[in-house]
Amino acid sequence: MEQSKLSPYRWVIEILMFLAFVGQTMTWLAPAPILNPIIKSLHISLGSAGLIISVIALCISIFSLLGAVVSERLGALRAFLVGIWLLAIGQILSSYCSTFGALLLCRVIQGVGFGIMIAPPGTLTMQWFGEGEWPWINMINALCAYIGLTAVYSLTAPLFLSLGSSWQRVVFAYGIAVAVVALLWTVLGRERRAIRAVEPVANAPAEPRRCSK
């Protein structure tokens, strides 16, 4: 069995996955550095503010299985698109929330999107990359969460101050950034079916020759 040649386009897919994974973490944790302004704006307790962060983890644990089902039914790319657009839409809608219930609902939408995004990247990695590249690609993708974590705590506070000390504007800015990544996935995202050439089986019995009379 001989696998078809690897396409250079796989690096475009990896760049898109890198941006999506960093965006996942940044949208999840965007409220964390600015929880105090959110608490004051929505008049909620510290426990309720913590739920804004933790509800996404709960959604991930529930809807990651749904992501595998959607990926099986629609294909890895379509499932990933559904997830990342839900993530972006939920983040953008969060910026318009003025009550705790509305914000929590938007965070649930984000969590559903995040969960659906869990399964498809594994399939896309196997489609586009060779077996020898899987460990490196998986390692890079795993590091994206830590890159996003560093970025969100480095950028959110300065962004908050530069946007007039408005937590809604910060959340909106992150939502637009993820929407741009989602748009890039919509335009540039591809699935690749591996084509395998079948070699003749060694020592196969020869077909008997027909004698012409």
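Now for a look at the structure at hand. The structure displayed is predicted, hence computed values, not measured ones.

1. A short note on the side chain of R10
Inference 1: Relative to the elements of secondary structure, R10 occurs in helix α1 (residues 10–29).
Inference 2: What makes R10 buried here is its relative accessible area of 12%.
Inference 3: Discounting chain neighbours no more than four positions away, the residues touching R10 are W128, F129 and E133.

2. With respect to the environment of S7
Inference 1: Within the element layout of this structure, S7 appears in the loop between β1 (2–3) and α1.
Inference 2: A C-alpha to C-alpha distance of 9.2 Å links S7 and R192, two positions 185 residues apart in sequence.
Inference 3: The contacts of S7, once residues within four sequence positions are left out, are W128 and R192.

3. Topic: the packing of aromatic side chains
Inference 1: Counted under the stated rule, the structure contains 5 aromatic pairs.
Inference 2: When the centroid spacing of 5.4 Å and the interplanar angle of 70 degrees are considered together, the rings of W11 and F129 count as edge-to-face. A residue pair is termed long-range when its members are at least 10 positions apart, and W11 in helix α1 and F129 in the loop between α6 (120–128) and α7 (134–162) qualify at 118 residues.
Inference 3: Using a relative accessible area of 1% as the deciding quantity, one classes F129 as buried.

4. Focus: the pattern of salt bridges
Inference 1: Under the definition given, this model contains 1 salt bridge.
Inference 2: Between E133 and R10 there is a salt bridge, and its shortest N-O distance comes to 3.0 Å. Here E133 is found in the loop between α6 and α7, whereas its partner R10 is found in helix α1, with 123 residues between them in sequence.

5. With respect to the environment of R78
Inference 1: When you line up the elements, R78 lands in helix α4 (residues 76–94).
Inference 2: When its relative accessible area of 56% is taken as the criterion, R78 is described as exposed.
Inference 3: It is 8.8 Å that separates the C-alpha atoms of R78 and P120, two residues lying 42 residues apart in sequence.

6. Digging into the packing of α4 against α6
Inference 1: With their axes 9 Å apart at the nearest point, α4 and α6 run at an angle of 140 degrees to one another. Overall, the two elements α4 and α6 adopt an arrangement that is oblique. Every pair of crossing elements has a handedness; the one defined by α4 and α6 is left-handed. Here A76, L77, A79 and F80 of α4 lie close against α6, whose contacting residues are P120, P121, T123 and L124.
Inference 2: In the contact of α4 with α6, the residues fall into 7 nonpolar, 1 polar and no charged.

7. Section: the nonpolar core
Inference 1: Grouped together as the largest cluster of nonpolar side chains are 53 residues, with contacts concentrated most on A20, I38, I84, L103, W167 and W185.
Inference 2: Secondary structure elements with two or more residues in this core: α1, α2 (35–42), α3 (46–74), α4, α5 (100–116), α6, α7 and α8 (167–188).
Inference 3: Per element, the largest residue contribution to this core is 9 residues, and it comes from α8.
Inference 4: Setting aside anything within four residues of it in sequence, one finds A20 in contact with F80, I84, M117, V181 and W185.

Basis of the calculations
Residues numbered from 1 in each chain as written. Predicted model: local features only at pLDDT ≥ 70, side-chain atom pairs only at ≥ 80, totals over all residues. Heavy atoms only, no water. Helix = DSSP H or I, 4+ residues; strand = E, 2+ residues; numbered from the N terminus. Buried < 20%, exposed > 50% of the residue type's maximum accessible area, 1.4 Å probe, protein only. Contact = heavy atoms within 4.5 Å. Phe/Tyr/Trp six-rings, centres within 6.5 Å; stacked < 30°, edge-to-face > 60°. Salt bridge = Lys/Arg side-chain N within 4 Å of Asp/Glu carboxyl O. Axes fitted to C-alpha atoms, helices over the stretch in contact; angles between N-to-C directions. Parallel < 35°, antiparallel > 145°, perpendicular 65-115°, else oblique. Left-handed = near helix turned anticlockwise from the far one by under 90°. Nonpolar A, V, L, I, M, F, W, Y, C, P; charged D, E, K, R; others polar. Core = buried A, V, L, I, M, F, W, Y, C linked by side-chain atoms within 4.5 Å.

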